[in-house]
Amino acid sequence: MDLDVVFLGTAASMPTAQRGPAALLVRRGSERLLFDCGEGTQRQLQRSAIGLPDLQEIFLTHFHADHFLGLPGMLKTFALRGWDETPLTVYGPRGLRELFKRLHPFLGRLPYPLAVVELEAGERLERGDYTIEGFAVEHGPEALGYTIVEPERPGRFDVDAADALGVPDGPARGRLQAGEEVTVDSGRTVTPADVLGEPRPGRRLVLTGDTAPSPLVVQAAHDADLLVHEASFLSSEAERARATMHSTAAEAAEVARLAPPARAHSRLAALLRPGACGGGARLLPRDGRPARLRPDRGAVPGARRAAARQGRGAASTWRIGHRTHRSPYHRAVMSAMVQLATAGDVAEAEEMQEILRKAGIDSSLEQSAEEDAVNVLVPEADRETAQEAIEALTEPDDLTSEP
Ligand SMILES: [Zn+2]
């Protein structure tokens, strides 16, 4: 079953020329679930290869304008399609009904059934072969993040073992896969454990919406295959991040490290502001870009490394309300930026940036040609010092150095 997320809007607070405000589409098989619907989301979809799908379910994380202003327009577009039966359900935290009361004069009468469902943290929607659950985040009392969890699947059927035990092809194998014992011609009883591998854990996708760094998110994101964590500010703006209940990029990376998910993506609008990084950094994710969850969790490269990193003690230093006093961009970057290394994903790249910051070196990130990889750039004059700083604090196999 294909499962991926498509970033439709990765800006914070307001759209930019390249980025829309919050919106993310989850595609699972033929299902399409929209999470948040910032201004212009329907146009983001129309501009993408996806087009505007016949959405039946939309989830809001909270009711700040940059997360729902696209909804009235989208609902009106659906009305123009002349639907009369396909129902649409909007889910969100407490306050959703009140929001729709206020939107009513703008929406008018819709030709299709529209249901508005308020969810509490911990409430779970059963979907047969997966569940959606809301969890509390640190962004006002009602804001929710969402996890999408698939159940554990039985282990792989070992054909060689079944042959060796004399299990005939056909229904007997099906019964073993369904968890039943079978007796073979020799009179021997074969149990499912004889022919099935270890159960395969289901995939877990975690979307935070807006949030300050929070132990609740760390808990929800534990063992996630993919964590999408917001990051609206740089470390140098940590006080603003605290005041507005948002996260800095470094904090988002820290949450990812603590969880630890196999892969992490941050909304990194702040890094795109001209001059914010000296080098005009570009960072994943970009609007319109999908991030696919691999069908088999065991096959996710980098998971082991993420687990190894967790063991290195960063966990104990992180706490809620943590402030970053460093001013990472104290020097204007005038010299040419050169590539220092390639990180496997955003979280890894941010970890390297943090190490470089501690060494007093400004760095910037750019998307690598390789999928999901991120290049870390430093001023040419600082390259040697940067290399030493990285090597001193990381295991050699953590990084692919490309001098
Ligand atoms: Zn917000």
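Our subject is the structure listed above.
Note that the structure is predicted; figures quoted are calculated from it, not measured. Numbering of residues begins from 1 in every chain and follows the order in which that chain's sequence is written. It should be noted that, the model being predicted, local features are given only for residues of pLDDT at least 70 and side-chain atom pairs only at 80 or more, the latter also being counted only at that level, while totals for whole chains, interfaces and linings use all residues.

**Q** So what exactly am I meant to see when it comes to the overall build of the chain here?
**A** Looking only at helices and strands, one finds 13 helices and 19 strands in the chain. By the burial criterion, 44% of the 403 residues in the chain qualify as buried. Numbering of helices and strands runs from the N terminus; a helix is a DSSP stretch of H or I covering at least four residues, while a strand is a stretch of E covering at least two. Neighbour counting defines burial: a residue surrounded by 20 or more other C-beta atoms within 10 Å of its own C-beta is buried, one with 12 or fewer is exposed, and intermediate counts give partly exposed, using backbone-placed C-beta atoms.

**Q** When you look at the packing of helix H10 (residues 249-258) against helix H12 (residues 346-358) in this model, what are you seeing that I'm missing?
**A** For any two helices packed against each other, one specifies the inter-axial angle together with the distance between the axes. Helix axes use the C-alpha atoms of the stretch in contact, all axes being lines fitted to C-alpha atoms, and the angles between their N-to-C directions lie in the range 0 to 180 degrees. The contact between H10 and H12 brings their axes to 9 Å, and the two run at 120°. Our classification of the angle between H10 and H12 gives oblique. Between H10 and H12 the crossing geometry is left-handed. Side by side, H10 and H12 meet where Ala-249, Ala-250, Ala-253, Ala-256 and Arg-257 of the first sit next to Ala-347, Glu-350, Glu-351 and Glu-354 of the second. Should an angle fall under 35 degrees it is taken as roughly parallel, and over 145 as roughly antiparallel, whereas 65 to 115 is taken as roughly perpendicular and any remaining angle as oblique. In this scheme, a crossing is called left-handed if the near helix is turned counterclockwise away from the far one by less than a right angle; it is called right-handed if the turn is clockwise. Contact definition: two residues whose C-beta atoms, as placed from backbone geometry, lie within 7 Å.

**Q** When you look at the pairing of strand S1 (residues 3-9) in this model, what are you seeing that I'm missing?
**A** Where a strand is regular, its side chains alternate between the two sheet faces. Summarising burial for S1: six of the seven residues are buried, a large majority. By the bridge criterion, six bridges tie S1 to strand S2 (residues 23-28) in an arrangement that is antiparallel. Across the sheet, Asp-4 pairs through a bridge with Arg-27, a residue of S2. When DSSP finds two or more bridges between two strands, those strands count as paired.

**Q** Looking at this structure, how should I read H12?
**A** Each turn of an α-helix holds 3.6 residues, which means side chains three or four residues apart point in the same direction. Helix length check: H12, at 13 residues, gives a terminal C-alpha distance of 18 Å against a target of 18 Å (1.5 Å per residue), a fit within 8%. Taken across its 13 residues, H12 has 11 buried, putting it largely inside the fold. Listed in full, the buried residues belonging to H12 are Val-346, Ala-347, Glu-348, Ala-349, Glu-350, Glu-351, Met-352, Gln-353, Glu-354, Leu-356 and Arg-357. Downstream of H12 by one or two residues, Gly-360 has phi in the positive range, about 80°. To estimate how far a helix should extend, the number of its residues minus one is multiplied by 1.5 Å.

**Q** I would appreciate a short explanation of the environment of Asp-2 in the present structure.
**A** Secondary-structure assignment places Asp-2 in the segment before S1. Residues Asp-2 and Arg-27, 25 residues apart in the sequence, show an inter-C-alpha distance of 7.5 Å. Not counting chain neighbours up to four residues away, the residues in contact with Asp-2 comprise Arg-27 and Gly-29.

**Q** Any chance you could explain H10 here in plain terms?
**A** Counting buried residues along H10, 10 of its 10 residues qualify, which places the element largely inside the surrounding structure. Those residues of H10 not exposed but buried are Ala-249, Ala-250, Glu-251, Ala-252, Ala-253, Glu-254, Val-255, Ala-256, Arg-257 and Leu-258.

**Q** Any chance you could explain the nonpolar core here in plain terms?
**A** Nonpolar side chains tend toward joint burial in soluble globular proteins. To define a nonpolar core, we join buried Ala, Val, Leu, Ile, Met, Phe, Trp, Tyr and Cys residues through C-beta atoms within 7 Å and take the resulting set. In this structure, Val-5, Leu-24, Leu-205, Ala-221 and Val-376 are the most contacted members of the largest nonpolar core, which totals 80 residues. In terms of residues, this core owes the most to one element, H10, which gives seven residues. Bear in mind that the domain bounds are from an automatic or database domain assignment. The residues that make up this core include at least three from each of domain 1 (3-151 + 202-292) and domain 3 (303-398). In terms of nonpolar packing, the next biggest core, distinct from the first, is built from six residues, Ala-162, Leu-176, Val-182 and Val-195 among them.

**Q** Even after reading the chapter, I still don't get the environment of Leu-216, so can you show me in this structure?
**A** Among the secondary structure elements, Leu-216 is positioned in helix H8 (residues 215-221). Spatially, the C-alpha atoms of Leu-216 and Glu-138 are 8.1 Å apart, while their sequence positions differ by 78 residues. Residues within four places of Leu-216 in sequence aside, it is in contact with Phe-135, Ala-136 and Val-137.

**Q** Looking at this model, I keep getting lost on unusual backbone geometry. Mind explaining?
**A** Excluding glycine, a negative phi dihedral is what most residues carry, and trans is how most peptide bonds are arranged. The phi dihedral of Ser-13 is positive, around 70°, even though this residue is not glycine. Its location among the elements puts Ser-13 in the loop between S1 and S2. The phi torsion at Asp-223 lies on the positive side, around 65°, for a residue other than glycine. Relative to the helices and strands, Asp-223 is located in the loop between H8 and strand S13 (226-231). The exposure class assigned to Asp-223 is partly exposed, which follows from the 15 C-beta atoms found within 10 Å.

**Q** Would you mind showing me how to read the pairing of strand S5 (residues 88-93) here?
**A** The sheet contact formed by strand S4 (residues 57-59) and S5 spans three bridges and is parallel. Following the sheet pairing, Glu-57 is matched in S5 by Thr-89. Where S5 meets strand S6 (residues 114-119), six bridges bridge the pair, whose relative direction is parallel. Within S6, the residue paired with Tyr-91 across the bridge is Val-117.

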